[in-house]
Amino acid sequence: MNREQLRQEKQKQCDDYIAYLYGCIPNLEAIDKAIGQKNVAMIRSGILHKNKAQQSALQQEIEALMKERHALLMQYGVDETVYKPKWDCPLCEDRGYLADGTLCKCYQQERIQKIIEQSGMSAAMQQYRFENFYLDGFDKPEDIQKKVEWCKQFARQIENGTCNDSLFLRGDVGRGKTHLSSAIANAVLAGGKTVIYKRAADLFDMIRRYKYEESTQRWHEVLDQLISCDLLVIDDLGAERTTDFVTEQLVFLLEERNYRNKPWIINSNLKLSQIQDSYNTRVSDRIMDRATAILLERPNSYRKEQAEQRMKEL
Ligand SMILES: [Zn+2]
């Protein structure tokens, strides 16, 4: 059901309940009818006659009827709020926009929720933030702190559409690449921008499936999202089986995004020279063309230490 259908449904539930009350509370229906008629008369008087005295008399009559109704409802232990549907968002009464035509906060929140769900990030990854990226255990924490600051700024620039950079995040397995790139993605998502976050193997599987098994239209929709989302994160590049198809698709994606000035992040435990060997120079060139490279180095696995930390906290 769309927003308007949901609203109508809620309105109907409310109307049905009032109709039910009419059957239980004598005179309630008559009072409501009288209030309705006087309201109409007041609007008419305001538009047609601009008769102030008549309007004020009507206003007093309406107030008296409302008082009467209030007392009657009290007698039956019914709250007057039953006359309004139980809106999820009282600000816009679930319309999604306000009287001045601007989008309501609830609509923006719903949109953000939707794009988070579509981003491909797991519930665990959605918890990775800059604030819970721990620097202990890195060889040079102050050096890592600078890199984290760079990532925060990178996220801010994507959020406000001024980003001319991309990120090549390198480090051995378990050094915090996924955490840091997720923190960037989460900050970007919170700003209402679109993110696609995929492990390289899954990304190329998905491309293959859509390109060869789905309709052309569906494939073009997916391709359009991959090229034009505000941030594309390719996690764990180098872990997938390298084929000509993969290389070709990777070059295409990076070229298209670079051309459109759309940022991306590549996480890998491969050095650029190894990427050149695994794929080809076109891939490594496209990365060098655009990206800032950040190396995450630490003697122990970040993931292992995080797990140990959690164990201590339990
Ligand atoms: Zn709202």
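This report concerns the structure included in the present document. Since this is a predicted model, take the numbers as computed values, not measurements.

1. Here we look at the overall build of the protein chain
Each helix and strand counted, the protein chain has twelve helices and five strands in total. In terms of its C-alpha atoms, the protein chain occupies a principal-axis envelope of roughly 85 × 50 × 35 Å. Within the protein chain, contacts between residues separated by at least 24 positions form 74% of all contacts whose residues are at least 6 apart in sequence.

2. Overview of the nonpolar core
Grouped together as the largest cluster of nonpolar side chains are 44 residues, with contacts concentrated most on I184, A185, V188, V195 and L231. By residue number, the principal contributor to this core is helix 6 (residues 177-190), which donates seven residues. V188 has contacts with A155, I158, E159, K193, V195, D230 and L231, leaving out every residue within four places of it along the chain.

3. A short note on the packing of helix 9 (residues 244-259) against helix 11 (residues 281-290)
Relative to each other, helix 9 and helix 11 sit at 25 degrees, their axes nearing to 9 Å. Classified by the interaxial angle, the pair formed by helix 9 and helix 11 is roughly parallel. For helix 9 against helix 11, the interelement crossing comes out left-handed. Where helix 9 abuts helix 11, its residues T247, L250, V251, L254, E255 and N258 lie against R282, V283, R286, D289 and R290. Considered class by class, the residues forming the contact of helix 9 with helix 11 number four nonpolar, two polar and five charged.

4. Brief notes about unusual backbone geometry
The backbone of E93 sits at a positive phi, close to 50 degrees, despite the residue not being glycine. Tracing the sequence through the fold places E93 in the loop between helix 3 (52-75) and helix 4 (105-118). Overall, the presence of 16 C-beta atoms within 10 Å leaves E93 in the partly exposed class. Phi angles above zero are rare outside glycine, and N261 is one such case at about 60 degrees. Mapped onto the fold, N261 is located in the loop between helix 9 and strand 4 (264-268). Judged by the 12 C-beta atoms lying within 10 Å of it, N261 is exposed.

Reading the values: rules and limits
Residues numbered from 1 in each chain as written. Predicted model: local features only at pLDDT ≥ 70, side-chain atom pairs only at ≥ 80, totals over all residues. Helix = DSSP H or I, 4+ residues; strand = E, 2+ residues; numbered from the N terminus. Contact = placed C-beta atoms within 7 Å. Core = buried A, V, L, I, M, F, W, Y, C linked by C-beta atoms within 7 Å. Buried ≥ 20, exposed ≤ 12 C-beta atoms within 10 Å, placed from the backbone. Axes fitted to C-alpha atoms, helices over the stretch in contact; angles between N-to-C directions. Parallel < 35°, antiparallel > 145°, perpendicular 65-115°, else oblique. Left-handed = near helix turned anticlockwise from the far one by under 90°. Nonpolar A, V, L, I, M, F, W, Y, C, P; charged D, E, K, R; others polar.

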